[in-house]
Amino acid sequence: MSFSLLIKPAGPDCNLNCKYCFYACKHKLFGDKAHRMSEEIAERLISDFLSQGFINNSFAWQGGEPALMGLDFYKRVVEFQKKYSKNGIVISNSFQTNATLLNASWCKFFNEFNFLLGISLDGPKKFHDYYRNDYSGGPTFDKVMNAIELCRQNKVEFNIIVLLNNQNVKYPDELFDFFMENKFQYLQFIPCVEKDPITGKIADYSINGTEYGNFMCRIFERWREFGVTKLSIRLFDSILNYFVYGSHTNCTFQRKCDDYIVIEHNGNAYCCDFFVDEDTRLGNIVQTPIYELFNNPIKQDFANRKKQLCNKCFVCHYSELCMGGCLKDRIVLDRNFANQNYLCDGYKMIFEKIAPQLASIAADFLHK
């Protein structure tokens, strides 16, 4: 079975201090010093991964902020990929970034080697700068928009990643208008659901299922009016793919959590981006071959936890569509994977309103 890699070469390190960041707390796991992947570990993971014989080989570079590694690190990454590549295989690189460190040199590199960027942008300035500040409390919106312009000038492909929080989730029309005015064609709306480590309750910057459902239903209306072939929205694309091909492209709704593993800066491997903990550690890429990491019993057990649905799921019309949603949103308050998903009410709203129309669009596609 093929899988992909989600790599965190700078670990949890970031040049921003976003209040809602779920990964900043991993400093407790790795220590407070700077975290940087060595070239030796980068070469090991690339050579090992490309030796698996997959036709498609996907490397996703994330953080923290992966640009903290510096451009020279990624030039070496590409050299290693060329060195260990074989005829007939496809190598793809994605790069999720806050974009504040990007300049023309970065963008020329991304264009030359076909990196796909995921750029975090929470909407217009008043929404984006509410949580996405640097360590001095300074705003970042203008830097991000300047980086986007550089991407366009250098023909770099990018998606916009929007974290829906308690500030922007109430304004779907304002966000949609902003994104269309800026001619963004690829959007991902990610619901923020986090626990406050102090109170043990849902963090105040999080959203609930009803808010998520209302937002996405309104975005769907605007998407239909705008033109479904003119704009890609990840959630709708995934549901469409399910109706056409029988599987989701969004891991949130897949049957098992088994399509990638995380490689941290020190070579440690973990089950999932949201579960980088000692009890989900699979081993280390330096000591253990990558196929053994992926087939580790810990990983297999984690993958099957998706099936631990709550009783309500077994009588729900939409259980086949969502498969209980993301595991992290089942255990946001306690570590019981059989909990009802925190966003369940929102998913039901979305499926009731949107799924029939998407099924119709899919049927039209299949009959063309």
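Here the structure is a predicted model, which means the values were calculated and not measured.

A separate point is a nonpolar patch on the surface. Residues Y245, F365 and L366 make up a contiguous nonpolar surface patch of roughly 370 Å² in combined accessible area. Mapped onto the fold, L366 is located in helix α14 (residues 344-366).

Pairing analysis gives three bridges linking strand β1 (residues 4-8) to strand β2 (residues 56-61), with the strands arranged parallel. What sits directly across from I7, in β2, is W61. In this sheet, strand β3 (residues 90-97) lies alongside β2 in parallel orientation, the contact comprising six bridges. Note on β3: the bridge partner recorded for F59 is N93. After leaving β2, the chain enters helix α3 (residues 71-84) and then returns to the sheet as β3, a path that is right-handed.

One pass over the structure, following the stated rule, counts 20 salt bridges. D301 is the partner of R305 in a salt bridge, and the nearest nitrogen-oxygen pair spans 3.2 Å. Across the pair D329 and K328 runs a salt bridge whose closest N-O atoms are separated by 2.7 Å. Pair check on accessibility: D329 and K328 agree, each one buried. Linked through salt bridges whose partners overlap, the residues forming this network are D173, D177, R218, E221, R222, E225 and K353.

This part is about the packing of helix α8 (residues 209-226) against helix α9 (residues 234-245). The interhelical angle for the contact between α8 and α9, taken along N-to-C directions, is 80°, at an axis separation of 10 Å. In terms of their interaxial angle, α8 and α9 are classed as roughly perpendicular. Contact residues: Y212, M216, I219, F220 and W223 in α8; L235, F236 and L240 in α9. Of the residues in the contact of α8 with α9, the class split is eight nonpolar, no polar and no charged.

Across its twelve residues, helix α2 (residues 39-50) extends 16 Å between first and last C-alpha, which sits within 8% of the 16 Å expected from 1.5 Å per residue. Within α2 the residues assigned to the buried category are I41, A42, L45, I46, S47, D48, F49 and L50. Check the buried side of α2 and you find it contacts β1, β2, α3, β3, β8 (260-264) and α10 (290-294).

Attention now moves to the pairing of β3. Pairing of β3 with strand β4 (residues 116-120) involves four bridges; the strand directions are parallel. Opposite F95, over in β4, you have L117 as the bridge partner. Handedness of the crossover is the feature at issue here: the chain leaves β3, passes through helix α4 (residues 104-112), returns alongside β4, and the resulting connection is right-handed.

Within this structure, the stated rule accounts for 44 aromatic pairs. Ring centres 5.8 Å apart and planes at 75° place the aromatic pair F22 and Y23 in the edge-to-face group. Looking at Y23, the relative accessible area reads 1%, which means it is buried. K230 extends its terminal NZ or CZ atom over the ring of F226, reaching a point 5.8 Å from the ring centre. Against the face of F274 rests K328, its NZ or CZ located 5.1 Å from the ring centre.

Let us now look at the sheet that holds β1. Each strand in a sheet pairs with its neighbour through backbone hydrogen bonds, running either in the same direction (parallel) or in the opposite one (antiparallel). The strand order across the open sheet built from ten strands is β7-β6-β5-β4-β3-β2-β1-β8-β9-β10, with neighbouring strands paired in mixed fashion. Looking along the sheet, the strands with just one partner apiece sit at the ends: β7 (232-233) and β10 (281-284). Both β1 and β8 contribute to a ladder of five bridges, which runs parallel. Bridge pairing links I7 to I263 in β8. Sheet strands touched by helix α6 (residues 141-153): β4 and β5 (158-164). Its angle to β4, the strand with the most contacts, is close to 160°.

Rules used in this analysis
- Residues numbered from 1 in each chain as written.
- Predicted model: local features only at pLDDT ≥ 70, side-chain atom pairs only at ≥ 80, totals over all residues.
- Heavy atoms only, no water.
- Patch = residues over 30% accessible without salt bridge, like charges linked within 9 Å, V, L, I, M, F, W, Y side chains within 5 Å.
- Areas by Shrake-Rupley, 256 points an atom, 1.4 Å probe, with all protein chains shown as cover.
- Salt bridge = Lys/Arg side-chain N within 4 Å of Asp/Glu carboxyl O.
- Helix = DSSP H or I, 4+ residues; strand = E, 2+ residues; numbered from the N terminus.
- Pairing = 2+ DSSP bridges.
- Right-handed = clockwise from strand over helix to strand, strands pointing away.
- Buried < 20%, exposed > 50% of the residue type's maximum accessible area, 1.4 Å probe, protein only.
- Axes fitted to C-alpha atoms, helices over the stretch in contact; angles between N-to-C directions.
- Parallel < 35°, antiparallel > 145°, perpendicular 65-115°, else oblique.
- Contact = heavy atoms within 4.5 Å.
- Nonpolar A, V, L, I, M, F, W, Y, C, P; charged D, E, K, R; others polar.
- Expected span 1.5 Å × (residues − 1).
- Phe/Tyr/Trp six-rings, centres within 6.5 Å; stacked < 30°, edge-to-face > 60°.
- Lys NZ or Arg CZ within 6 Å of the ring centre and 35° of its normal.

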